[in-house]
Amino acid sequence: MKLAAQGLAFGYRERRVGSDITLELQSGEVLCLLGPNGSGKTTLFKTLLGLLPAQAGAVLIEGRDARTLARDEIARQISYVPQAHAAFFPYTVRETVLMGRTAHLGLFSSPSARDHAATATAMERMGITHLADAVHTQISGGERQLTLIARALAQEARLVIMDEPTANLDFGNQLRVLERIRALAGEGIGVLLSTHDPDHAFLCADRVAMLHAGRLMASGKTTEVMTAERLQEIYGVTVAITAVPLRNGATRNVCLPLGW
Amino acid sequence: MNTRQSWLLLAAAVALFGIIAVAFSVGRYPIAVSDLLRVLWSWLGGAPHGLDPTIETVVLQIRGPRVIAALLVGAALAAAGAAYQNLFRNPLVSPDILGVSSGAAVGAVLGIFLSLGIVAVQSMAFAGGLAAAGMVYLVARTVRGHDPLLVLVLAGVVLGSLLGACVALMKYLADPYNQLPAITFWLLGSLASVDPRDLRVAGPLLLAGLLPLWLLRWRINVLSLDDEEARALGVETRSIRLVVIIGATLMTSAAVAISGVIGWIGLVIPHFARLLTGPDFSRLLPVSVLLGAGFLVAVDTLARSIGNIEVPLGVLTAFIGTPLFLWQLAGARRGWQ
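Small disclaimer: the values here were computed from a predicted structure and weren't measured.

What counts, and at which threshold
Residues numbered from 1 in each chain as written. Chains lettered and ligands numbered in written order. Predicted model: local features only at pLDDT ≥ 70, side-chain atom pairs only at ≥ 80, totals over all residues. Heavy atoms only, no water. Helix = DSSP H or I, 4+ residues; strand = E, 2+ residues; numbered from the N terminus. Rg over C-alpha atoms; globule rule 2.2 N^0.38 Å. Buried < 20%, exposed > 50% of the residue type's maximum accessible area, 1.4 Å probe, protein only. Contact = heavy atoms within 4.5 Å. Areas by Shrake-Rupley, 256 points an atom, 1.4 Å probe, with all protein chains shown as cover. Lys, Arg positive; Asp, Glu negative; His and termini not counted. Charge placed at Lys NZ, Arg CZ, Asp CG, Glu CD. Salt bridge = Lys/Arg side-chain N within 4 Å of Asp/Glu carboxyl O. Buried area = accessible area lost by both parts, 1.4 Å probe. Polar contact = N/O pair within 3.5 Å; in protein donor to acceptor, adjacent residues only side chain to side chain. Nonpolar A, V, L, I, M, F, W, Y, C, P; charged D, E, K, R; others polar. Phe/Tyr/Trp six-rings, centres within 6.5 Å; stacked < 30°, edge-to-face > 60°. Lys NZ or Arg CZ within 6 Å of the ring centre and 35° of its normal. Patch = residues over 30% accessible without salt bridge, like charges linked within 9 Å, V, L, I, M, F, W, Y side chains within 5 Å. Expected span 1.5 Å × (residues − 1). Arc of directions from axis to C-beta. Pairing = 2+ DSSP bridges. Axes fitted to C-alpha atoms, helices over the stretch in contact; angles between N-to-C directions.

Topic: the overall build of chain A
In terms of regular secondary structure, chain A is built from nine helices and 12 strands. A compact globule built from 260 residues should have a C-alpha radius of gyration of about 18 Å, and chain A, at 19 Å, falls within 12% of that. For chain A, the C-alpha atoms occupy an extent of roughly 55 × 45 × 30 Å along the three principal directions. Out of the 260 residues in chain A, the part that is buried amounts to 53%. Long-range contacts, defined as pairs at least 24 residues apart, comprise 65% of the intrachain contacts of chain A with a sequence gap of at least 6. Total accessible area on chain A stands at roughly 11,000 Å², and carbon and sulfur atoms take up 50% of it. Both charge centroids of chain A, one from 26 positive and one from 25 negative side chains, sit 2 Å from each other.

Written as structure tokens, this is what we have:
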């Protein structure tokens, strides 16, 4: 399963947000998109999902142009965890996760026992089974994030696009979500996520793409792309990247802000 | 559906039958429930009832059509309101948000103004309702670059007030002795002049509008999410939205055509149903239909029995609906927050 952008230009109507984007996401890998506020991460995601039309170039899902695919076909291949989730009605967590099954249902169908089973599995994988009957609008931000990821899992797509899945989470929940993302990749799911924290890329990403002023500044293996110079350039702050020894003998890079 | 909700549905159905029995019995010519059952039994092909033929006339010709009309209109307005509330992601939306009632009013008032017959007036009301909603939809389609739902609501409000001005103009020009009372009477809503023939036309139209809402019930749930989220989940929001609008508009127009403008039901009843069932549309729709049907039969029975003259339905639903709504607003918010 592969999602590819080829020479993609994206934006809203007359306004172009970014262009010349060429990147690929394979199932089983975690690709992290880094970029400052306003660099166009969310707009790029929406274009990759076919929610916004590409202004130039193409989005290919398993080799097929996304423009030729129906919404439910796309949804069976790629699921989406939006950053801002506006809940208008008090659906329960179970009902919310169940909505992830929509792409697998016929137009006039309601969820069957199989869909309920997939929902239960997805909630279990995210550790929110105990919240099943809680009202989605009344749980904490972290629990809501886990609910949305569970909904994406229930969708049973091979690729997941997550827009800042760790925003609004406390320190512990951030790490738990990143750990889950890593585990998903281990299960063969491809994850494309955006984050504001370089350390999150070090923690979970196989590859990193850096978006700066609407263009891909760099993309490749995490340790190669994530240099102090590049981070300095896109964020405008001085940083140092240091390798820290881990308990198992390996090392991991961390990003230290030094000044601004 | 859990046990509590099954009980609720059962209770609502039993209450509905109780209300229907009362509606048949109460009135200037009281009818005992046993007589009612005997008449209905013989009508269904059972043994002759052997009662005064007046009783049969009252049950089958006068109250029967009226009770059925109240059931249909109440159910239709409540179902359309529930669908629109999900569609517009707002529990304060009522079926006339797209100008259906104002459009129907213009059609009906124009028919009365031109001294047309009752069938023509009803047809014009029906066509006016459809035309108004269609126009709102087309206007909203041509405006691009905004939230499509917001544009729909705004177009509905703007067009609704224009149609309101048309009604006001015709009232101003109408003959104050003949036409004006008829216009006022129509605008306040009434089931007093419902004919069995009306039901044969309106009934199928209402069911035709209800059917897509029921079939698409799961998609309508997902439609209540943010537009992009719903699309990412695999829903073709634009076409589903159009089908829901057509279904709800068809029901509302057909209902308004036979009953005149009856406000509040489409807003208060789905709201109330939401408190009982939660937001899931596959439970909300049937409960809204039951409650809406029961509510209008009860209100209509009240309208024709509390005084020497009939109280207009639109007035009575507002008098009952407003305190109900405020009570809900102040107390239980569970249905939508």
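What follows continues from the structure just given.
Side note on the overall build of chain B
Counting its regular elements, chain B contains 14 helices and zero strands. In chain B, the succession of α and β elements from N to C terminus is α-α-α-α-α-α-α-α-α-α-α-α-α-α. Here the C-alpha radius of gyration of chain B, 20 Å, is about what a compact globule of 337 residues would show, namely 20 Å. Viewed in the frame of its principal axes, chain B has a C-alpha envelope of about 70 × 60 × 40 Å. Burial analysis of chain B (337 residues in total) assigns 53% to the buried set.

Observations concerning unusual backbone geometry
Residue A:Asn168 is not a glycine yet carries a positive backbone phi of 65 degrees. The residue A:Asn168 is located in the loop between strand 7 (159–162) and helix 6 (171–186) in this model. At B:Arg89, a position not held by glycine, the phi torsion is positive, near 55 degrees.

Overview of the pattern of salt bridges
Residue and element names in this part refer to chain A. Tallied over the entire structure, the rule returns 21 salt bridges over all chains. Notably, a salt bridge pairs aspartate 65 with arginine 67, separated by 3.1 Å at the nearest N-O pair. Arginine 67 gets classed as exposed once you look at its relative accessible area, which sits at 56%. Salt bridges sharing common partners tie together Arg101, Arg114, Asp115 and Glu156.

Overview of the interface of chain B and chain A
Each partner contributes to the interface: chain B provides 34 residues, whereas chain A provides 35 residues. Each partner contributes to the roughly 3,000 Å² buried at the junction of chain B and chain A, and carbon and sulfur atoms together form 58% of this total. Run the count over chain B and chain A and you get three salt bridges. Across the chain B-chain A interface, the total number found is 13 residue pairs in polar contact (both at pLDDT 80 or more). For the side of chain B that touches chain A, the elements supplying multiple residues, two or more each, are helix 3 (53–87), helix 9 (217–223) and helix 10 (227–232) of chain B. Of all the elements, helix 9 of chain B adds the most residues to the side of chain B that touches chain A, at five residues. Of the residues assigned to the side of chain B that touches chain A, the class counts are 12 nonpolar, nine polar and 13 charged.

Observations regarding the side chain of B:Arg66
Residues and elements named next belong to chain B. Locating arginine 66 in the fold gives a position in helix 3. The class for arginine 66 is buried, based on a relative accessible area of 9%. Beyond its immediate sequence surroundings of up to four residues, arginine 66 is in contact with Leu191, Ala192, Asp300, Arg304 and Glu310.

Describing the packing of aromatic side chains
Residues and elements named next belong to chain B. Overall, the coordinates contain three aromatic pairs over all chains when judged by the stated rule. Measuring from ring centre to ring centre gives 6.3 Å for phenylalanine 272 and tryptophan 327, while their planes differ by 40 degrees; the resulting arrangement is tilted. Within this pair, whereas phenylalanine 272 is found in helix 12 (residues 265–277), its partner tryptophan 327 is found in helix 14 (residues 313–330), the two being separated by 55 residues in sequence. Under the relative-accessibility criterion, phenylalanine 272 is labelled partly exposed at 24%. Assessed through its relative accessible area of 55%, tryptophan 327 is described here as exposed. Stacked on the ring of tryptophan 214, the Lys or Arg arginine 217 has its end atom at 4.0 Å from the ring centre.

Quick word on a nonpolar patch on the surface
A contiguous nonpolar patch, built from A:Phe171, A:Leu175 and A:Leu203 and spanning about 280 Å² of accessible area, is present on the exposed surface. Relative to the helices and strands, A:Phe171 is located in helix 6.

A few points about helix 6 of chain A
Three or four residues apart is the spacing at which side chains of an α-helix point the same way, because the helix has 3.6 residues per turn. Residue and element names in this part refer to chain A. Between the first and last C-alpha of helix 6 there are 23 Å, a value that for 16 residues agrees with the 22 Å anticipated at 1.5 Å per step. Along helix 6, the residues that are buried comprise Gln174, Val177, Leu178, Ile181, Leu184 and Ala185. Buried residues of helix 6 fall within an arc of 115 degrees about the axis and therefore sit on the same side. Within helix 6, the exposed residues directed more than 90 degrees away from the buried face are Glu179 and Gly186. Residues of helix 6 that are buried make contact with strand 3 (30–34), helix 4 (113–125), helix 5 (141–154), strand 7, strand 8 (190–195) and helix 7 (198–204).

Here we look at the sheet that holds strand 7 of chain A
Residues and elements named next belong to chain A. In spatial order, the strands read 6-7-8-3-9-10; together these six strands make up an open sheet with mixed pairing. With one partner strand each, in any of the chains shown, strand 6 (78–81) and strand 10 (215–221) form the two edges of the open sheet. If you compare each strand with its neighbour and ignore which way they point, the axes differ by 15 degrees on average. Running at roughly 170 degrees to strand 6, helix 5 makes contact with strand 6 and strand 7 of the sheet.

A word on the sheet that holds strand 4 (residues 56–61) of chain A
Residues and elements named next belong to chain A. Taken in spatial order, the four strands make up an open sheet running 2-1-4-5, and their pairing is antiparallel. Among the strands making up the open sheet, the edge pair consists of strand 2 (15–26) and strand 5 (64–65). Bridge analysis of strand 1 (residues 2–12) against strand 4 gives five bridges, and the strand direction is antiparallel. By the bridge assignment, glutamine 6 is partnered in strand 4 with alanine 58. Together, strand 1, strand 2 and strand 4 form the strand contacts of helix 1 (residues 41–48), whose direction differs from that of strand 1 by roughly 125 degrees.

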